[in-house]
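Residue strings, one per chain:
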Amino acid sequence: MSPIGFGSLAMAGDSYQKVLAEGIAHEQRLDWDAALRLYEALVQRLETETPQDARWQARNAEAEFRRGNALMVLRRMDDARTAFDAGLHAAKESGDSLILAEGLTAAGVFAGTSGDLARAERFLFEALNLFSDVDAIAGRQGAGWAMLNLGTIYGKTGRLDLAFVTLDKARERLYAIENWVGVAAAWEAQAQLRRAIGDEDRWREDLAEAVIFYDRQGMAEKAGRLRELLKGKLL
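Reading guide: rules and limits
Residues numbered from 1 in each chain as written. Predicted model: local features only at pLDDT ≥ 70, side-chain atom pairs only at ≥ 80, totals over all residues. Heavy atoms only, no water. Helix = DSSP H or I, 4+ residues; strand = E, 2+ residues; numbered from the N terminus. Rg over C-alpha atoms; globule rule 2.2 N^0.38 Å. Buried < 20%, exposed > 50% of the residue type's maximum accessible area, 1.4 Å probe, protein only. Contact = heavy atoms within 4.5 Å. Areas by Shrake-Rupley, 256 points an atom, 1.4 Å probe, with all protein chains shown as cover. Core = buried A, V, L, I, M, F, W, Y, C linked by side-chain atoms within 4.5 Å. Expected span 1.5 Å × (residues − 1). Arc of directions from axis to C-beta. Salt bridge = Lys/Arg side-chain N within 4 Å of Asp/Glu carboxyl O. Axes fitted to C-alpha atoms, helices over the stretch in contact; angles between N-to-C directions. Parallel < 35°, antiparallel > 145°, perpendicular 65-115°, else oblique. Nonpolar A, V, L, I, M, F, W, Y, C, P; charged D, E, K, R; others polar. Phe/Tyr/Trp six-rings, centres within 6.5 Å; stacked < 30°, edge-to-face > 60°. Lys NZ or Arg CZ within 6 Å of the ring centre and 35° of its normal.

Caption draft 1: A look at the overall build of the protein chain. The secondary structure content of the protein chain amounts to 11 helices and 0 strands. Secondary structure elements of the protein chain occur, N-terminal to C-terminal, as α-α-α-α-α-α-α-α-α-α-α. Relative to a compact globule of 235 residues, whose C-alpha radius of gyration would be 18 Å, the protein chain shows 18 Å and is just as compact. Dimensions of the protein chain, computed from C-alpha atoms along their principal axes, come out at roughly 55 × 35 × 35 Å. A total of 235 residues make up the protein chain; the buried ones form 48% of that total. Sequence separation of 24 or more characterises 57% of the internal contacts of the protein chain that already satisfy a separation of 6 or more. Surface exposure of the protein chain reaches about 11,700 Å², of which carbon and sulfur atoms provide 48%.

Caption draft 2: Up close: the nonpolar core. The biggest cluster of nonpolar side chains holds 75 residues, and the ones touching the most others in it are Leu42, Phe65, Phe84, Phe131, Leu148 and Tyr214. No other element matches helix 9 (residues 180-196), which puts 10 residues into this core. Beyond its immediate stretch of four places on either side in the chain, Leu148 contacts Leu167, Ala170, Leu174, Gly182, Ala185, Ala186 and Ala189.

Caption draft 3: Representation of helix 4 (residues 77-94). In this model, helix 4 (18 residues) spans 25 Å end to end at C-alpha, consistent with the 26 Å of a helix rising 1.5 Å per residue. Every buried residue of helix 4 is listed here: Met77, Ala80, Ala83, Phe84, Gly87, Leu88, Ala90, Ala91 and Ser94. All buried residues of helix 4 lie within an arc of 165° about the axis, which places them on one face of the element. With respect to the buried face of helix 4, the exposed residues turned more than 90 degrees away are Asp78, Thr82, His89 and Lys92. Considering only its buried residues, helix 4 is in contact with helix 3 (54-73) and helix 5 (97-113). Phi for Gly95, located one or two positions after helix 4, is positive at around 75°.

Caption draft 4: Broad picture of the pattern of salt bridges. Here the structure, examined in full by the defined rule, presents 13 salt bridges. Between Arg159 and Glu121 there is a salt bridge, and its shortest N-O distance comes to 2.6 Å. Here Arg159, found in the loop between helix 7 (137-156) and helix 8 (160-176), pairs with Glu121, found in helix 6 (residues 117-132); they are 38 residues apart in sequence, far enough to count as distant. Its relative accessible area of 23% is what places Glu121 among the partly exposed residues.

Caption draft 5: Just the packing of helix 7 against helix 9, in detail. Following both chains from N to C, one finds helix 7 and helix 9 inclined at 5°, their axes separated by 10 Å at the closest point. Relative to helix 9, the element helix 7 lies roughly parallel. Residue-level inspection shows Trp145, Leu148, Thr152 and Gly155 of helix 7 in contact with helix 9, the latter providing Val181, Gly182, Ala185, Ala186, Ala189 and Leu193. Grouping the constituent residues of the contact of helix 7 with helix 9 by class yields 7 nonpolar, 3 polar and no charged.

Caption draft 6: Examining the packing of aromatic side chains more closely. In this structure the tally under the stated criterion is 4 aromatic pairs. An angle of 80° between the planes, with centres 6.2 Å apart, marks the rings of Tyr175 and Phe213 as edge-to-face. Separated by 38 residues along the polypeptide, Tyr175 in helix 8 and Phe213 in helix 10 (residues 200-217) bring together distant segments of the chain. The class of Tyr175 is partly exposed, set by a relative accessible area of 45%. Taking relative accessible area as the criterion, Phe213 reaches 7% and is therefore assigned buried. Counting every residue linked through ring pairs, the aromatic cluster contains Tyr175, Trp180 and Phe213. Over the ring of Tyr16 we find Arg59, and its NZ or CZ is 5.8 Å from the ring centre. Just above the ring of Phe164 sits the side chain of Arg194; from NZ or CZ to the centre is 4.6 Å.

Structure representation (structure tokens):
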């Protein structure tokens, strides 16, 4: 897919959100190269916009976090680090605690992926505290995702009871706001944890639950990949 052409697009709030939504749609189809091209074009376009006020900093931070996530999935870790650092700087400049919490979550996921589990846990716990202070659906969604990633970290560090409890709480929060991709991701994370400890039957049950919610979200490619893991034994 060719990079998106912005042309004379003015980065009004609705246009900006439309571009982000298109990028997320690419992510859900697992087309990470296309998502990255779109986010990089978005960041470049933002660099030309003025004024670079608090609102601009918030939008730039979110675009950099998305870009960093795509780079991380594509295993371009040095570039991902640069994007996340730029996003965190912009988030702090914005003065928006919700954007900063998103950045801390992104930094936590990056640290966990890079093997720095202690640092990942600190970032994610700080993000959870910030999200919990936001009395809005975005705060509840962010808290659910922070807990989901914390549960994964707890599992990797051998705190299994805490991991399962945290993943269960993440699912409860995300289910309550109908964030189906989050619910699916929490089931998938739990399946991975059960598989790692040799719980053969129950990891398949958890993965089957993940497939149900990825399907509900319309993420056919992701659901299909998980079905391949199940090899038709449950679905």
